[in-house]
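# Breakdown of the fold
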Amino acid sequence: FNDVRLMKGMFQIWHKSGVAKNHKGAPIYYSGVLKAYRKDDSDSIAFSAIDINFRFPGSNNGIHNLSTVLHSGELVAIMGGSGAGKTPLLSILNGSLKPQEGSITINGHSIDEPEVKGLIGFVPQDDLLIEELTVYQNLYYTAKLCFDGMPEDELDRRVMKKMYAHQLAYQVSGYQGSEELEDFPVLVKLSAAGGFVAADADANGGDLGFVDEDGKLLDHQVDTWNASGDSFVWVRLPKLVKDVKFRLYYGGPLQYPAYANRVWTAYVGVWNERQNGSLTIADATGNGINGWSSAGSVSASGKFGLARGMRATGKNGPAFQTNYSKLLDGDTTAYSFSLWVKPNGNGDYAYLVTRRNSDTMKAWGFQFRSNNSSTDYKLPHYYFGSSSDGGWKISPSEGHTETIFTPDAWAKIDVTATTGMAYFYVNGILKGTYNHSTPDAKHRMQCGTLGISFGGIIGTGTHGTFNGDTDECRYAPVTRSADWIKATYDTENAPETFLKCTVDPKPGLLILFR
C-alpha cells in the first residue's frame, strides 16, 4: 500500500492519490474506489478540451485536433517522448499558453473567465528556485500562494523566520520626549545577556539584518565587533517615537549591505575614533571630512570601543583635528557639536572644541576651566577671540561655578546654537543658556582655513590641551532640540535600557541556499 507492505490486522488511512498493489492483480487507485462509491454526482467537475489546435510560430508543428474530457476523481498521466508536446499541452490546459483554435472549459465555463482562473493549480516539473528572484522573494511568493489573505507583516515575519536561525525584537522604551525625531541613530548592544548568540553570527557581523515594522531594511553600522563579548551597532531609525519597534535577523545565508555612511545622514561629520594605533580618524558619514590625531595622542578605551586621548601634562596639540573649516564662517549661526570626554588630570583652560592655533588667536573656541585642579571642573568659556582683544567671551567669572566633570568618568557634552543663543548640555541636561551678540567678522575670519579640532588647540600654546580622552565627536550645521540631545545621551549611555529587547523563539526549520 503506497509501496509499504500491509500486515494482517493493520489499518491504514487511504489518502488521495494513494494506490494499493499486489502481485496477482492490477493496482487499485483511490480515485477508482471513490468513483465506485460516489452516489451523488451533483458536485462533479468536467474539465473539457475540445478541438485544440496549436502551432509554434513559423511552423506547422504543435498539437493538432486534440479533444478530451476529464472528470472528478480521475488521475490522468500524459506520456510521450522528448519533444512530443507534453509541456505545451499542460501549458494550454492551465491557461498559460493560448491555442490558435479550440476551447478549454470547466463545467462549461471558459478558463479565461476571472471566476475560473483561480480554480486551476499548476506544479512545474522542476522544484527549482526562480533565478530572477532573491532568496527572500522565492520564499515570500511561495508563502503568499500558500497563505492567501495573510497580512503582509505576518508573511514577512514567517519568511524571515525560516531564513534566519535567530531574531531579536527591539522596542524603543527609553525615549521620554514628545518630538518625532528624524533619521535618529540608536545604539544597539549585542550581548549574551540580551539573547545574542555571537557564535551563530557571521565573523564580522556581516549577516546582521535590521528591518522596521513594515519589513523594510534599516541602515546600520557595526561600531565595535567582539565575538567573545559585547558588540555595538548603530541603526538609523527614519522616525524615532516612543515604543517604535524594529527587528534584528542573523545566523542566515545572506550578507546584508550595511550602508554605514547612511546611518549618519543627520550629521556633517562623525568621528568614532576607532582606529587603534592609527593617526587617521575616518569620518563615518562618507563626506570625507577625515581627521588626524596628534603625535602625542594615544588610543584608549572609549565609552564603547576605542577613543583618543592626551594623557601627559604639557603635551601640545589636540587629540585630533579635522579638515572641516566651515564652522562659524560667514553667516553660519546654527550649529551643534557633541562629544564624550573623560578628564584624567588637570588642564587649566583646556579646549574641547576649537578653531584656534595659538593662545592669542582671535578665533572660535569652546573650553572649560579647571582652576588647575583635577577635581574642580567648572562650566566652560565659550567665546570668539579673547575679551582683551575685543572679542566676545562668557566664562565662569560671570557666576557659573557648578562643577560639571568627575575625574576618570565619562561625560557627554552637547553645545547647540542659533542666532543670538547658545545652549550647553552635560549628560543630556541643560547647564547653561548663553545670550550673545554676533562678534565682528575679524574674529571669525582669522580662523582662515583651520579645521575643527577636538581636545586641544591646533598649534602650540601655554595651555589648551585637554588632558583626558575624547570619543564619539560629531558636528552638524543645525540647532538640536532638547529631545534630540537627551535621546542621544540615553541611547549611548545605556543602550540596553533605551531599547527593550526580546528573543523570538527559534524557527523549527532553517533553510540554507547555495
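Refer to the structure printed above.
Description of the structure in this document. All figures in this text were calculated on a predicted structure; none of them were measured in a lab. (Residues numbered from 1 in each chain as written. Predicted model: local features only at pLDDT ≥ 70, side-chain atom pairs only at ≥ 80, totals over all residues. Heavy atoms only, no water.)

Scanning the chain from terminus to terminus reveals eight helices and 29 strands. Look at the contacts in the chain between residues 6 or more apart in sequence, and 66% of them connect residues 24 or more apart. Of the roughly 26400 Å² that the chain leaves accessible, carbon and sulfur atoms contribute 52%. (Helix = DSSP H or I, 4+ residues; strand = E, 2+ residues; numbered from the N terminus. Contact = heavy atoms within 4.5 Å. Areas by Shrake-Rupley, 256 points an atom, 1.4 Å probe, with all protein chains shown as cover.)

For the pair helix H4 (residues 135–146) and helix H5 (residues 152–163), the least separation of the axes is 10 Å and the interaxial angle reads 130°. The angle between H4 and H5 places the two elements in the oblique class. Of the two possible hands of crossing, H4 and H5 adopt the one that is right-handed. Contacts between H4 and H5 pair Val135, Tyr136, Leu139, Tyr140, Ala143 and Lys144 from the former with Glu152, Leu155, Asp156, Val159, Met160 and Met163 from the latter. (Axes fitted to C-alpha atoms, helices over the stretch in contact; angles between N-to-C directions. Parallel < 35°, antiparallel > 145°, perpendicular 65-115°, else oblique. Left-handed = near helix turned anticlockwise from the far one by under 90°.)

So, on to the nonpolar core. Phe196, Phe210, Leu237, Leu240, Phe246 and Leu248 are the most contacted members of the largest nonpolar core, which has 38 residues in total. Counting only elements with at least two residues in this core, the list comes to strand E7 (166–172), strand E8 (181–190), strand E11 (231–240), strand E12 (245–250) and helix H7 (482–493). Discounting residues that sit within four places of it in the chain, Leu248 has contacts with His166, Gln167, Leu168, Tyr170, Leu190, Phe196, Leu208, Gly209 and Phe210. Membership of the second largest hydrophobic core comes to 24 residues, among which are Leu352, Ile413, Phe454 and Tyr475. (Core = buried A, V, L, I, M, F, W, Y, C linked by side-chain atoms within 4.5 Å. Buried < 20%, exposed > 50% of the residue type's maximum accessible area, 1.4 Å probe, protein only.)

Moving on, we come to the environment of Asn467. Within the secondary structure, Asn467 sits in the loop between strand E27 (453–454) and strand E28 (468–476). Through-space distance from the C-alpha of Asn467 to that of Gly455 is 7.9 Å; in sequence the pair is twelve residues apart.

Turning to the packing of aromatic side chains, a few remarks are in order. For the structure on display, the rule yields 14 aromatic pairs. For the ring pair Phe196 and Tyr250, a centre distance of 4.6 Å and an interplane angle of 40° mean the geometry is tilted. Here Phe196 is found in the loop between E8 and strand E9 (209–212), whereas its partner Tyr250 is found in strand E12, with 54 residues between them in sequence. Given the relative accessible area of 0%, Tyr250 is considered buried. Ring pairing ties together the aromatic residues Phe184, Phe232, Trp234, Trp264, Tyr267, Phe304 and Trp484, which thus form one cluster. Cation over ring: Arg474 sits above Trp234, and NZ or CZ is 4.8 Å from the ring centre. For Arg480, the ring lying beneath its charged end belongs to Tyr267, and the centroid distance is 4.8 Å. (Phe/Tyr/Trp six-rings, centres within 6.5 Å; stacked < 30°, edge-to-face > 60°. Lys NZ or Arg CZ within 6 Å of the ring centre and 35° of its normal.)

With that out of the way, let us pick up the sheet that holds strand E3 (residues 46–55). Within the open sheet, the four strands sit side by side as E4-E3-E5-E6. Their pairing is antiparallel. Among the strands making up the open sheet, the edge pair consists of strand E4 (62–71) and strand E6 (109–110). The pairing of E3 with strand E5 (residues 101–106) spans five bridges and is antiparallel. Paired with Ala49 across the bridge in E5 is Ile104. (Pairing = 2+ DSSP bridges.)

This part is about the sheet that holds E9. Spatially, four strands are ordered E9-E12-E7-E29 in an open sheet, and the strand pairing comes out antiparallel. Either end of the sheet is taken by a strand with one partner, and the two such strands are E9 and strand E29 (499–503). The average angle at which neighbouring strand axes cross in this sheet is 25°, direction not considered. Bridge analysis of E7 against E12 gives six bridges, and the strand direction is antiparallel. For Gln171, the partnering residue across the bridge sits in E12 and is Lys245.

Moving on, we come to the side chain of Arg474. The residue Arg474 is located in strand E28 in this model. Within polar-contact distance, the side chain of Arg474 engages the side chain of Glu492 at 3.1 Å. Leaving out residues up to four positions away in the same chain, Arg474 has contacts with Trp234, Trp264, Tyr267, Gly269, Val270, Trp271, Ser336, Phe337, Ser338 and Glu492. (Polar contact = N/O pair within 3.5 Å; in protein donor to acceptor, adjacent residues only side chain to side chain.)

A few words on the pairing of E11. Of all ten residues that make up E11, eight are buried, and the element is covered over most of its length. Pairing between E8 and E11: nine bridges, direction antiparallel. Following the sheet pairing, Pro185 is matched in E11 by Arg236. Examined bridge by bridge, strand E10 (residues 220–224) and E11 share four bridges and lie antiparallel to one another. Considered in E11, the bridge of Val222 is made with Val233. The turn joining E10 and E11, which pair antiparallel and follow one another in sequence, is formed by six residues.

So far we have only geometry, and geometry alone does not tell us how the molecule works.
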